Amino acid sequence: MKLDNATVLITGANRGLGLAFARHALLRGARRVLAGARDPHSVTLPGVEPVRLDVTRAEDVAAAAQRHGDVTLLINNAGVAELGAFLAEGSEASARRQMEVNYFGPLRLSRAFAPVLAAQGGGALLNVLSVASWVHSMELGVYGATKAAAWALTNGLRHELRPQGTQVLALHMGFVDTDMTRGIEVPKSSADDIVRRAFDALEGGAEEVLADELTRAVKQGLSAEPGIYLQPR
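Chains are numbered independently. Their residues run from 1 in the order of the written sequence. Predicted model: local features are reported for residues with pLDDT of at least 70 only, side-chain atom pairs are reported and counted for 80 or more only, and whole-chain, interface and lining totals are derived from all residues. For the side-chain quantities, the full set of heavy atoms in the structure was used; hydrogens and water were omitted.

### Here's the deal with the overall build of the protein chain
- The helix count covers DSSP runs of H or I at least four residues long, the strand count covers runs of E at least two residues long, and both are numbered beginning at the N terminus. Helices and strands together make up the secondary structure of the protein chain, namely 7 helices and 7 strands.
- Counting from the amino terminus, the protein chain carries its helices and strands in the arrangement β-α-β-β-α-β-α-α-β-α-β-α-β-α.
- It is over C-alpha atoms that the radius of gyration is taken, and the globule rule equals 2.2 Å times the number of residues to the power 0.38. Taken against the 2.2 N^0.38 rule, which gives 17 Å for 233 residues, the C-alpha radius of gyration of the protein chain at 17 Å falls within 12% of a compact globule.
- With the C-alpha coordinates of the protein chain rotated into their principal frame, the extents come out at 45 × 35 × 30 Å.
- Each residue is assigned to one of three classes by its accessible area relative to the maximum for its type, calculated with a 1.4 Å probe on protein chains only: buried under 20%, partly exposed between the two thresholds, exposed over 50%. By residue count, 48% of the 233 residues in the protein chain fall in the buried class.
- Contact criterion: two residues are considered in contact whenever any of their non-hydrogen atoms come within 4.5 Å of each other. A fraction of 69% describes how many contacts in the protein chain between residues 6 or more apart in sequence connect residues 24 or more apart.
- Between the averaged position of the 24 positive side-chain charges in the protein chain and that of its 25 negative side-chain charges there is a distance of 3 Å. In this tally Asp and Glu are treated as negative and Lys and Arg as positive; neither His nor the chain ends contributes. Here the site of a charge means atom NZ of a Lys, CZ of an Arg, CG of an Asp or CD of a Glu.

Laid out in structure tokens, this is it:
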């Protein structure tokens, strides 16, 4: 799918990776860029249209789909990350909070906008996933489970949406230098680099993009013996 003349809706577009997606969509010639955020006043990028959109609120999602029937690209970017292992105190509540955004959010948006994309000839759906979909440390155990669920969702949506001509792209990456990773001392990619690679893959017709070296190495390690996911981290 080409970005030129597209109408793009990005969730969580007021900062971080979502803001980079909005900026690069404009640079690539998108006709309209809709920037979803819980607080639309937090969207300040010139040239985009703020949309009140809390992905955990079904009424917000339904209203967005009803008002913006010309969307040709949906980017499910909104996400949350909380540190914590599965057996840590409060892990169940943390899992519920993160699943609401990281899994049920993309599910709600995808269900609401699938008919919109179909009406526009198919369009595309881009889900922001993570290397944590495949492997993660104990500190990111619960978060990784939510991203693994989102990966499974993406793979299922790809098959369900193929008959209507919708391209479904899974974006996998490691740590990105945004507010979400502030205070985590690890190598990080820039948001601009990740978005450029994602949009290059989208415009090239890809179904999956491994946006950094870490992610490419982990993907190869999934089929190793023993698998990389069996190794302590």
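### Considerations on the packing of helix α3 (residues 91–102) against helix α4 (residues 104–119)
- Where helices are involved, their axes are fitted lines through C-alpha atoms of the stretch in contact, as for all axes, and angles between N-to-C directions lie from 0 to 180°. Where α3 contacts α4, the axes come no closer than 3 Å and their chain directions differ by 25°. One finds that α3 runs roughly parallel with respect to α4. For the pair α3 and α4, the contacting residues are M99, E100, V101 and N102 in the first and F104, G105, P106 and R108 in the second. Should an angle fall under 35 degrees it is taken as roughly parallel, and over 145 as roughly antiparallel, whereas 65 to 115 is taken as roughly perpendicular and any remaining angle as oblique.

### Focus on the sheet that holds strand β7 (residues 208–210)
- A pair of strands is considered paired only if DSSP assigns at least 2 bridges between the two. Pairing is parallel in the open sheet, where 7 strands are placed in the order β3-β2-β1-β4-β5-β6-β7. Strands at the two margins of the open sheet, each flanked by one partner only, are β3 (49–52) and β7. In this sheet, adjacent strand axes meet at a mean angle of 20° when their direction is disregarded.
- Bridge count for strand β1 (residues 7–10) against strand β2 (residues 32–37) is 4 bridges, and the pairing is parallel. Counted as the bridge partner of T7 is R32 from β2.
- Packing against the sheet, helix α6 (residues 191–203) makes contact with β4 (73–76), β5 (124–128), β6 (167–172) and β7, and its axis sits at approximately 155° to β6.

### Let's talk about α4
- Working rule for helices: expected span equals 1.5 Å times residues minus one. In this model, α4 (16 residues) spans 24 Å end to end at C-alpha, consistent with the 22 Å of a helix rising 1.5 Å per residue.
- Inspection of α4 places G105, P106, L109, S110, F113, A114, V116 and L117 among the buried residues, and these make up the whole buried set.
- Looking at the buried positions of α4, the neighbouring elements they touch are β1, α2 (58–67), β4, α3, β5 and α5 (141–161).
- Of the residues flanking the end of α4, it is G121, one or two places downstream, whose phi is positive at about 95°.

### Regarding the packing of α2 against α4
- For the pair α2 and α4, interaxial distance at closest approach is 9 Å and the crossing angle is 15°. In terms of orientation, α2 lies roughly parallel with respect to α4. As for how α2 packs across α4, the hand of that crossing is right-handed. Contacts between α2 and α4 involve A58, V61, A64 and A65 from the first element and R108, L109, A112, F113 and V116 from the second. By the definition used in this description, the sense in which the near helix is turned from the far one sets the handedness, with an anticlockwise turn below a right angle giving left-handed and a clockwise turn giving right-handed.

### Details of the nonpolar core
- Ranked by size, the top nonpolar core spans 34 residues in total, and within it F21 and L171 carry the most contacts.
- Of the residues forming this core, the biggest block, 7 residues, is contributed by α6.
- The contacts of F21, once residues within four sequence positions are left out, are I10, I75, N77, L126, V128, L171, V195, A198 and F199.
- Core analysis: the next-biggest nonpolar cluster, separate from the first, contains 22 residues, L34, F113, A114 and L157 among them. Residue types Ala, Val, Leu, Ile, Met, Phe, Trp, Tyr and Cys, when buried and joined through side-chain atoms within 4.5 Å, form a set referred to as a nonpolar core.

By themselves, these observations are geometric and do not establish any function.
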